[in-house]
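Working through the structure, step by step
One letter stands for each residue in the lines below.
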2 protein chains.
Amino acid sequence: MAEVGKREVRVDAFDKATGRTKYYEDLMPRDALYVRIKHSTIAHGFVKSVDKSAAEAIPGVVKVLTCFDVPEHPFPTAGHPWSMDPGHQDVADRHLLNRHVRYYGDDVAVVIAENEVAAMQGVRALQVEYEELPLVLDAQEAMKPGAPQLHEAFPNNILKHTDMKKGDYQAAIREPGLIKVEGWYDTPTVQHCHIENHGCFAYEENGRITVVASTQIPHIIRRVVGQALGRPWSDIRVVKPYIGGGFGNKQDALYEPLCAWCSTQVQGRCVRIDCSREETFVSNRVRHAIRFHIVSWLRPDGTFAARKVELFSNQGAYASHGHSIVAKAMGSFPQHYPCDNMECDAWTVFTNRPAAGAMRGYGMPQASFADEANVEDCAKAVGMDPLAFRMQNVMPQGYEDGFSHNVNYDDSFRQCLEAGKKYIDYDRKVAEFAKDTGPIRRGIGMATFWYNTAVYPISLETSSNRMQLNLDGSVTMQCGETEIGQGADTVYAQMAADVVGLGDYRRVHVVSCQDTDITPTGLGAYASRQTYVAGFSIRQTGLLLKEKILDYAGKLTRQAVYNMDIVDGSIVRTTDGKVLMSLSELAMHAQYNPNDSQHITAESTYTIRNNAYSFGCTFAEVEVDIPMCKVTLKDIINVHDCGRLVNPALAEAQVHGGMSMAIGYGLSEQLLFDEKTGKPLNNNLLDYKLSTIMDHPHLEAQFVENAEPTSAFGTKALGEPPACSGAPAIRNAIYNATGVAIDQDPITPHVLFRRFTEEGLIRD
Amino acid sequence: MAEVGKREVRVDAFDKATGRTKYYEDLMPRDALYVRIKHSTIAHGFVKSVDKSAAEAIPGVVKVLTCFDVPEHPFPTAGHPWSMDPGHQDVADRHLLNRHVRYYGDDVAVVIAENEVAAMQGVRALQVEYEELPLVLDAQEAMKPGAPQLHEAFPNNILKHTDMKKGDYQAAIREPGLIKVEGWYDTPTVQHCHIENHGCFAYEENGRITVVASTQIPHIIRRVVGQALGRPWSDIRVVKPYIGGGFGNKQDALYEPLCAWCSTQVQGRCVRIDCSREETFVSNRVRHAIRFHIVSWLRPDGTFAARKVELFSNQGAYASHGHSIVAKAMGSFPQHYPCDNMECDAWTVFTNRPAAGAMRGYGMPQASFADEANVEDCAKAVGMDPLAFRMQNVMPQGYEDGFSHNVNYDDSFRQCLEAGKKYIDYDRKVAEFAKDTGPIRRGIGMATFWYNTAVYPISLETSSNRMQLNLDGSVTMQCGETEIGQGADTVYAQMAADVVGLGDYRRVHVVSCQDTDITPTGLGAYASRQTYVAGFSIRQTGLLLKEKILDYAGKLTRQAVYNMDIVDGSIVRTTDGKVLMSLSELAMHAQYNPNDSQHITAESTYTIRNNAYSFGCTFAEVEVDIPMCKVTLKDIINVHDCGRLVNPALAEAQVHGGMSMAIGYGLSEQLLFDEKTGKPLNNNLLDYKLSTIMDHPHLEAQFVENAEPTSAFGTKALGEPPACSGAPAIRNAIYNATGVAIDQDPITPHVLFRRFTEEGLIRD
């Protein structure tokens, strides 16, 4: 029976529901030392000195280490696969602790102590003397001549600038009768707010270093720790147990390198670094605040003559994932609404803010917000219904991108939009809501997005897998692609069960914990790559395992290998359907044969040289109380074409989580900084307004299942897409309800009050 | 440079010397529940009832489980590989807890509690009511009609009887002029006394059970736990971290099954069982006390006309390794001193003593004691020098055993004896000591033994191995054969370095910890099999890995694979010796090639269908203070032919440890029981006289290095041999010093007083 496509219960459901699942803290040795970090209390400047004497006098303090003690060489932190081409390697601008501090919360020193209290007292007792420098928080300000400079190697704070040209923009805009629609669109700094803060512990063992970390990318962390410490990479062993979410924050080397180094400074004893929520907000990573400037030139029939897009990405203090995020955002425009004449420019700019890194969507929530706001404005400008405008202009069936060679095989965009339209009862409601003229008005908004699956051809895509036939006929599976809460282990089990012919996903034991010493190399959880990328190596390795099993079955049964198959966990003669033996019988005979003992395993690597488009849209229905500046989300639907669903229940759960993040992005979430000092103002879950179940209507998830023909199991990206189009759909719904276009996220009551006042809907 | 043959420092030396190595207790989750066992206080009888009320009332007690709660089906515990032939499967006579208790210390009930104190109080509070039965402690008594019966399925308590006949003994003894030498030889019950007591912990994870155990045989424990709990075997995951010795005691399922079952009775919470030293002595395993009856018929020229050997092995209460130990002891006689006419009979008999299992030597220390005592008596009887007698009669060069097909390729016995003779200055000292006639007399004694390597053809011999090329050019290696303190990981690293061509054993990272979910199947540490058996799979897998590396090197360098080799960690063109690239460069290019990414690994299973003879001898020099009944060991040498030495320093360390055990076996160690009650009298390290460094002279270890031609690296057994011939050498030295033959071990002052009195050397 096919397991792929079934709504199976998660393999880890029982343990997670009963609290038995083991996270890094559950694996912590009892005698681990506590490391606490002294963070800078200025946003920009130099550490002149650190007085350690008071801290060192505190009972229980084992060691104090400062920015004057760390290795000199810089290292990168982005969770990208290594490239042998130096030009494609990540920017190495990090030290383990910093003399040049570049944001409020930068890492200056650590106190290592026998207990948490001593470590915290030690941090408080450290006296740090700074030489303060002027600071800059805004990306465009930071690019101006005379702005404070963060990194010597990057003049004007520009980490990178790229552009893209298609056709002749300057010639195209001279076409007579064009309508110009121009806007500036601002997206906020937000944080991932995964349930489990980042943490890790490290110790030395036989001259090597083990790091157990809450990370999405164990194999990449191994390399970064090696780089940071200047050690051979296989001196480092990274273990990834279950983790409580990551959303991209943990697709970065966070405190693993510092933790590993601290262990080496206390004779290899186990040391632990556990981030508080406050540290997670500021000293981990945030989502890039990107400012967009879009100029669209439309013909009266609602087609695009030309478009120009400028993107200014606020990188914060350190490079992390750097330019790749805004580059992806920029790249979305020409494919989303193809247009013959385009000019795009993207800048990534250092500022004295927390470093921005990967976050669910990787530039696409920002791009979707700006593009779909501008497109809504365009529809209005030419007097078209926004849905009709999109149906006309969005990427057509058969579209192929010249770079990724992604193809829109099935007119997925329009199919998604049709599904959303039907669910939300679009025509009737649009007509009805148009009648609202009182203080409370209703509106429908929509937005679309597309998404790549994995990162080919930008970076390496490789996945390895090992399978082992157990004596009871079950199969154990290891791979480097990680379970981070999304349900990867469960879909891997379903896939493997189908390929090998086990008939039941419970006959696959996925080793959830990656250990870089022994787990086949994989790159980890990011870029919505897991089911797509791992699928290739699961199918390839599963077929190899099956071949070995049938080969041994041939020895035991004297039947021709080509006359046998594995069905529901048994060796079956295909010519007459006879069950010859169970997999358990085969495994037992193979293992315990004194003349030809076989421990049957298979292992292989698959190099993925494909990518695939996912598509989707959101329709949101809002009710806006204009005098109260209050938006109530009444209904919302996400429709996705992410190919074939391996497990519809888990797919829905992915969508629900992404929709929740999008609602927060659209209405409430924003990390704020004091403009004078750069100090974060709301880096806690009380003041930072994360969207919760209290803010949600029913979250409707629907799918258009167009099996991806390039994929091992018909799958393509689903992990990140649900977070992309929610915020602009809400923005457009508010626009359609009130006639007020709001070009920034989140659309808080403060923003609404200002804009409603500006537009005359509220008067003093 | 060849690594095999070098005195390299152990890979785990630094961590072990600095106390950083992690044993099972170091990995224990903080919230593990304590399981303490209620042991029977009678040696034989039935539990009528257990009153749990007082125990359950103790704060902290979570659960009390008794022999009335456990699964009904019996299971075996011996650490033997599974056999598909039911006739070769181990005797399943165990339950997790016992209603029919069969020795003083049997397991009756458990108390599971939040802390150790509550668990111990709970055990004390349990009220057990017994129906007592008569007991029997002696093997020959237990065989008599009317003796108390331990197991229904085994009448007269005989677990098994086997015999062996060669030639015609009855006819042969009628040859005129024969001299008859007859003796009864008694060996004691001793315990392994490894430093780390057995312990384990278990918990459920996603519906499966993990057991972390101090064991020698993780893959076998997985099977036994599965059997004991009636669960599919791959529901069980066994993890073996570093262990503090085992010596065969941990080649048995000890408390792993009970621990796993206890976890299932408390909703899968982690539970721990930690044996005390007192429990280790009695409720784990002991070495079989074997009584030998030997009748030798000699011609006047000192050749054997016929021999008859009877062996009575005291099995104790449960079968454990059962008859296989005395069978091995019996099998040693015809090969040790080949004789045309032999009759051997061996019985394994249940008694109300602790269960006997595997212990270093597996029957051979007992056989060597009895055989070498009898042979010494034979030499005396025909008036020959004992060394000359042995030189004449011991297994000759070219001898081939018809069953194992072992061959004595190099006249190893005589080469060992020659080396020992030279070191001990035999001729001069024998002449000089013969003059001693006072109260203090000196003597030289010797003894020999032979030993099989691994267990083919009796049982399955299989070993699997996985190697992985790391990005820094090092290799990670996993195998199921275990490091138990003997240095296995270090010799594996040396072997792998040589096979792959790494040039330095530090470029091999051996994964010391076995995890049955992922570690290639191996059988574990026993039967002195590790370097021999693992060697085959290391060489096979290393060659596979090398082939894959050179294949990829061919792609990168455009050179023919047959023109390349791996030398000192680099790819070398053999035609001109040019270094083409380092392994690190190759691994990096292979892993990060976006078009053909390879994570280079190799894995294979080798079915071993060979065995090999090891040989050796001990020469001991003693000074006996007759009035004080005190033996001082003045000098001792072990000479071994264990084939090629992978690491001479580790080989010496093995020998030193074995010699120490043999000294204790010869002079002081014996677990004593009250004859009325069967209660152990000295189950602690104060009253049990373990041999210590205070009892040792310099321990001289020498080797005759005849590389074994059947072996992957020329190696053969060394682990157990050093424990075999020490005790009889001491016995014979005392005999030669005093003229008093003592036919029991250990030769304590009490025994000497009795025997010296009997022989008239001491008078009242």
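Residues numbered from 1 in each chain as written. Chains lettered and ligands numbered in written order. Predicted model: local features only at pLDDT ≥ 70, side-chain atom pairs only at ≥ 80, totals over all residues. Heavy atoms only, no water.

As a further point, take the sheet that holds strand β21 (residues 508–510) of chain A. Residue and element names in this part refer to chain A. On the basis of which strands lie adjacent, the open sheet formed by four strands has the order β21-β20-β19-β26 and mixed pairing. The strands lining the two open edges of the sheet, one partner per strand, are β21 and β26 (601–607). Across the sheet, the axes of successive neighbouring strands diverge by a mean angle of 20°, strand direction being ignored. Set on the sheet, helix α14 (residues 488–500) makes contact with β19 (462–469), β20 (475–479) and β21; between it and β21 the angle comes to about 140°. The sheet contacts of helix α15 (residues 530–557) involve β19, β20 and β26, and relative to β26 the element is tilted by about 145°. (Pairing = 2+ DSSP bridges. Helix = DSSP H or I, 4+ residues; strand = E, 2+ residues; numbered from the N terminus. Axes fitted to C-alpha atoms, helices over the stretch in contact; angles between N-to-C directions. Contact = heavy atoms within 4.5 Å.)

The next point concerns the packing of aromatic side chains. Scanning the entire structure with this criterion turns up 32 aromatic pairs over all chains. Ring plane angle 50° and centroid distance 6.1 Å describe the contact between Phe292 of chain A and Phe333 of chain A, whose orientation is recorded as tilted. Highlighted residues: Phe292 of chain A in strand β14 (residues 289–298) and Phe333 of chain A in helix α9 (residues 323–336), separated in sequence by 41 residues. The burial state of Phe292 of chain A is the same as that of Phe333 of chain A; both residues are buried. Seen from their ring centres, Phe201 of chain B and Tyr203 of chain B are 6.5 Å apart, and the 20° between their planes marks the pair as stacked. Note on accessibility: Phe201 of chain B and Tyr203 of chain B belong to one class, buried. (Phe/Tyr/Trp six-rings, centres within 6.5 Å; stacked < 30°, edge-to-face > 60°. Buried < 20%, exposed > 50% of the residue type's maximum accessible area, 1.4 Å probe, protein only.)

Once that is clear, we can look at helix α13 (residues 426–433) of chain B. All names here are of chain B. Restricting attention to buried positions, one finds in α13 the residues Tyr426, Lys429 and Phe433. Angularly, the buried residues of α13 cover 75° about the axis, an arc narrow enough to put them on a single face. The inward-facing, buried residues of α13 abut α11 (386–393), α12 (412–424), β18 (440–452) and β27 (613–625). (Arc of directions from axis to C-beta.)

Here we take up the packing of helix α6 (residues 218–229) of chain A against helix α7 (residues 256–265) of chain A. Residues and elements named next belong to chain A. Look at α6 against α7: their axes get within 9 Å of each other, and the N-to-C directions meet at 55°. One way to sum up the angle between α6 and α7 is to call them oblique. Where α6 crosses over α7, the two elements pack in a sense that is right-handed. Where α6 abuts α7, its residues Ile221, Val224, Val225, Ala228 and Leu229 lie against Glu256, Pro257, Ala260, Trp261 and Thr264. (Parallel < 35°, antiparallel > 145°, perpendicular 65-115°, else oblique. Left-handed = near helix turned anticlockwise from the far one by under 90°.)

So, on to the side chain of Arg102 of chain A. Residues and elements named next belong to chain A. Looking at the secondary structure, you find Arg102 in the loop between β4 (100–101) and β5 (107–113). It turns out Arg102 is buried and unbridged, and the closest side chain with the opposite charge, Asp106, is 5.4 Å from it. A polar contact is formed between the side chain of Arg102 and the backbone oxygen of Leu150, at a distance of 2.8 Å. In this structure the side chain of Arg102 is engaged in a polar contact, spanning 3.2 Å, whose partner is the side chain of Tyr318. Those residues within four positions of Arg102 in sequence are excluded, and the remaining contacts are Ala43, His44, Leu150, His151, Ala317, Tyr318, Thr351, Asn352 and Arg353. (Lys, Arg positive; Asp, Glu negative; His and termini not counted. Salt bridge = Lys/Arg side-chain N within 4 Å of Asp/Glu carboxyl O. Polar contact = N/O pair within 3.5 Å; in protein donor to acceptor, adjacent residues only side chain to side chain.)

Moving on to the interface of chain A and chain B. Contacts between the two partners involve 60 residues from chain A, matched on the other side by 61 residues from chain B. Across the interface of chain A and chain B, roughly 5300 Å² is buried in total on both sides, 48% from carbon and sulfur atoms. Among the salt bridges present, the one from Arg20 of chain A reaches Glu204 of chain B, with a minimum N-O distance of 3.7 Å. Between the two partners, chain A and chain B, sit 34 residue pairs in polar contact (both at pLDDT 80 or more). Every element with two or more residues in the side of chain A that touches chain B is listed here: β9 (199–205), β19, β20, α16 (583–591) and β26 of chain A. Looking at the side of chain A that touches chain B residue by residue, the classes come out as 16 nonpolar, 26 polar and 18 charged. (Buried area = accessible area lost by both parts, 1.4 Å probe. Nonpolar A, V, L, I, M, F, W, Y, C, P; charged D, E, K, R; others polar.)

All names here are of chain A. Pairing is mixed across the open sheet formed by four strands, whose spatial order is β18-β27-β28-β29. Two strands bound the open sheet, and with one partner strand each, they are β18 (440–452) and β29 (699–703). Sheet twist, expressed as the mean angle between neighbouring strand axes with direction ignored, is 15°. Helix α11 (residues 386–393) contacts β18 and β27 (613–625) of the sheet and is inclined by roughly 15° relative to β18.

Before going further, it helps to examine the UniProt feature "domain: Aldehyde oxidase/xanthine dehydrogenase a/b hammerhead" (unreviewed entry) in chain A. Mapped onto this numbering, the UniProt entry annotates "domain: Aldehyde oxidase/xanthine dehydrogenase a/b hammerhead" (unreviewed entry) at residues 18–134 of chain A. The distance separating the terminal C-alpha atoms of residues 18–134 of chain A is 51 Å; by composition the span is 12% helix and 30% strand. (UniProt positions renumbered as here; feature names shortened; annotations may be inferred.)

This part is about the pairing of strand β2 (residues 45–51) of chain B. Here β2 of chain B runs beside strand β4 (residues 100–101) of chain B; their pairing, made up of two bridges, is antiparallel. Opposite Phe46 of chain B, over in β4 of chain B, you have His100 of chain B as the bridge partner.

Turning our attention to the domain arrangement of chain A. All names here are of chain A. Assigned domains of chain A: these are domain 1 (33–133 + 198–274), domain 2 (286–456 + 610–758) and domain 3 (462–607). Taken together, the contact pairs 19 residues of domain 1 with 19 residues of domain 3. Between domain 1 and domain 3, a total of about 1500 Å² is buried, with carbon and sulfur atoms accounting for 53% of that surface. Of all residues in domain 1, Gln216, His219 and Lys240 bury the most surface against domain 3, accounting for 38% of the area lost on that side. Two residues, Arg208 and Asp517, come together in a salt bridge whose shortest N-O distance is 2.7 Å. Summed over the shared surface of domain 1 and domain 3, the result is nine residue pairs in polar contact (both at pLDDT 80 or more). Only α6 and β11 (236–240) provide two or more residues apiece to the side of domain 1 that touches domain 3. At five residues, β11 tops the list of elements feeding residues into the side of domain 1 that touches domain 3. (Domains from an automatic or database assignment.)

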